[in-house]
Amino acid sequence: MEETKREKFTRLAESRMNAALKQISLIGNLANTSNYEYDIHDVDKILKGLRNAVNELEVTFKGDSKSKKFTL
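All residue numbers refer to position in the chain's written sequence, counted from 1. Where totals are concerned, whole chains, interfaces and linings use all residues; where local detail is concerned, this predicted model gives features only for residues with pLDDT of at least 70, and gives and counts side-chain atom pairs only at 80 or more. In computing side-chain values, all of the structure's heavy atoms are included and hydrogens and water are not.

### Let's talk about the overall build of the protein chain
Okay, step 1: Note on conventions: DSSP H or I runs of at least 4 residues are helices, E runs of at least 2 residues are strands, and numbering of each starts at the N terminus. Within the protein chain one finds 2 helices and 0 strands.
Okay, step 2: Taking 2.2 N^0.38 as the reference for a compact globule, 72 residues should give roughly 11 Å; the C-alpha atoms of the protein chain span a radius of gyration of 16 Å, well beyond that estimate.
Okay, step 3: When the backbone C-alpha atoms are referred to their principal axes, the protein chain occupies close to 55 × 25 × 15 Å.
Okay, step 4: When the 72 residues of the protein chain are sorted by exposure, 0% land in the buried category.
Okay, step 5: About 6,900 Å² of surface is accessible on the protein chain, with carbon and sulfur atoms providing 57% of the total.
Okay, step 6: Positive charge is attributed to Lys and Arg, negative charge to Asp and Glu, and no charge count is given to His or to the chain ends. By convention, the charge on Lys lies at NZ, on Arg at CZ, on Asp at CG and on Glu at CD. For the protein chain, the distance from the average position of its 13 positive side-chain charges to the average position of its 11 negative side-chain charges is 4 Å. Both definitions apply: the radius of gyration is a C-alpha atom measure, and the globule rule equals 2.2 Å times residues to the power 0.38. A 1.4 Å probe rolled over the protein chains alone gives each residue an accessible area, and that area as a share of the maximum for its type sets the label: buried under 20%, exposed over 50%, partly exposed in between. Methods summary: accessible areas were calculated by the Shrake-Rupley approach with a probe of 1.4 Å, and residue burial reflects only the protein chains presented.

### Section: the environment of Tyr-38
Okay, step 1: Along the chain, Tyr-38 turns up in the loop between helix H1 (5–28) and helix H2 (40–62).
Okay, step 2: You can call Tyr-38 partly exposed: its relative accessible area is 34%.
Okay, step 3: In this structure the C-alpha to C-alpha distance between Tyr-38 and Thr-60, which are 22 residues apart in sequence, comes to 32 Å.
Okay, step 4: Only heavy atoms enter the contact rule, under which two residues are in contact if any of them lie within 4.5 Å. When neighbours within four sequence positions are excluded, Tyr-38 is seen to be in contact with Leu-30, Ala-31, Thr-33 and Val-43.
Okay, step 5: Whenever two N or O atoms come within 3.5 Å, that pair is a polar contact, provided that in protein one can donate a hydrogen and the other can accept it, and provided that, for residues adjacent in sequence, both atoms are side-chain atoms. A distance of 3.0 Å separates a polar atom in the side chain of Tyr-38 from the backbone oxygen of Ala-31.

### Side note on the pattern of salt bridges
Okay, step 1: Here a salt bridge means any side-chain nitrogen of Lys or Arg lying within 4 Å of a carboxyl oxygen belonging to Asp or Glu. Scanning the model with the defined rule gives 2 salt bridges in all.
Okay, step 2: In this structure, the salt-bridge partner of Arg-11 is Glu-3, at a minimum N-O distance of 2.8 Å.
Okay, step 3: For Arg-11, a relative accessible area of 44% translates into the label partly exposed.
Okay, step 4: Among the salt bridges present, the one from Lys-62 reaches Glu-58, with a minimum N-O distance of 4.0 Å. Placement of both Lys-62 and Glu-58 in helix H2 is noted, with a separation of 4 residues, approximately one turn of the helix.
Okay, step 5: Classification of Lys-62 by relative accessible area gives exposed; the value is 70%.

### Notes on a nonpolar patch on the surface
Okay, step 1: The residues that make up patches have over 30% relative accessible area and no salt bridge, and they are joined within 9 Å when like-charged or within 5 Å when they are Val, Leu, Ile, Met, Phe, Trp or Tyr. There is a patch of nonpolar side chains on the surface, built from Met-17, Leu-21, Ile-24, Ile-27, Leu-30, Tyr-36 and Tyr-38 and spanning about 610 Å² of accessible area.
Okay, step 2: When its relative accessible area of 32% is taken as the criterion, Ile-27 is described as partly exposed.

Below is the structure:
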C-alpha cells in the first residue's frame, strides 16, 4: 500500500522536527563557558538567527519565503 500525502507529511514532519530540536539543544551546549568563549553580541546573533528562521518557516507555510544562511 502506498503512503498517502498525509502519512508522508506526518512521517517527515516528526523526523525533521526531532532533528531540529536536537540541533537546537546542541546549540544550547555552546553556553558552557568551561568549553567556549562568547559575548552577548554572539548570543544575540544566534537567537536572532533562530527567531528569523522560525518567522521564515511561518511565512513558508502561509505563502513564500527566501532562505538565508546564518553567519556569526
